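So the chains spell out like this:
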Amino acid sequence: MTAIIVSPLSRIAEMAVRHKSREMVTLIAKEQSFHRPAVISAERHLTLAMNDITFKGTGDLVAPDDAHIQRLIDFAAGWDQSAPLLVHCWMGVSRSPAAAVIAALSLFPDQDEKALAARLRAASPYATPNARIIEIGDRLLGRDGRLVAAIKAIGRGADTDGNVPFVLPLVD
C-alpha cells in the first residue's frame, strides 16, 4: 500500500526523489510558474489552476470548482499506486491536504471520514484543508456532509512557515 505525499512547492523536487514519485497533482494560482521535477511523468502531472480561497472568485482570483475536483478524482482513479502520489500547492497547508483527502477517499470509499480526518491530523498538525475543496469533494463523492463534518472536527491546524511536507497513508 502506498501513500500520498503532501508538499509545499519549494520542496517538490526533493519529495519526488525521496519518495520515488512518478505522478503529481499541482494546485496553484494560474500565474505561478514552477518546474516539474524530471522524475515526474509529464503525462501523469495534473495542474489545477486555482487560488486558495473559499468563496467564488472575484477579479483575477479563481475559486476551486466542481470541474477542478472532478479532474482530481479522475486523475486519482488513473494512479497505479505503485509509487506515492505527490500533491502540492504553494505552502502544502490548505489546497493540497484537501486534495489528498479527497483522492484517498475517492480511491477507498469504504473508509470512515472521521478516521481519515484523524489520520490527516496525525500526519500533519499544520494542515488546514481548504473548506471549499472539501465541500465540493464531499458532494461529488456522495458523502452527505460527513467529510465536511470530519474535517471541521479536527479544527484549524497549527501555524507554520509552510515548509513541512508530510505523508498521508491512503487507509488505516
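Residues numbered from 1 in each chain as written. Predicted model: local features only at pLDDT ≥ 70, side-chain atom pairs only at ≥ 80, totals over all residues. Heavy atoms only, no water.

Chemist: Break down helix H1 (residues 12-19) for me, citing the residues and quoting the values.
Modeler: All of the buried residues in H1 are Ile12, Met15 and Ala16. One side of H1 carries all its buried residues, which in axial view fall inside an arc of 100°. Exposed positions of H1 whose direction lies more than 90 degrees from the buried face are Val17 and Arg18. Buried residues along H1 sit against strand E1 (3-8), strand E2 (23-28) and strand E4 (85-89). (Buried < 20%, exposed > 50% of the residue type's maximum accessible area, 1.4 Å probe, protein only. Helix = DSSP H or I, 4+ residues; strand = E, 2+ residues; numbered from the N terminus. Arc of directions from axis to C-beta. Contact = heavy atoms within 4.5 Å.)

Chemist: Quick rundown of unusual backbone geometry? Include the residues and the values.
Modeler: In the Ramachandran plot, Gln81 falls in the positive-phi region, its phi being about 65° despite a non-glycine side chain. A positive phi angle, near 55°, is found at Asp144, a position not held by glycine. Note that Asp144 resides in the loop between helix H5 (131-140) and helix H6 (146-154).

Chemist: Now, about the nonpolar core: what can you tell me, with residues and values included?
Modeler: In terms of nonpolar packing, the biggest core is built from 39 residues, with Ile4, Val25, Leu27 and Val101 touching the most fellow members. It is helix H3 (residues 95-107) that provides the largest number of residues to this core, a total of nine residues. Leu9, Ile12, Met24 and Ile40 belong to the second-largest nonpolar core, a separate cluster that totals eight residues. (Core = buried A, V, L, I, M, F, W, Y, C linked by side-chain atoms within 4.5 Å.)

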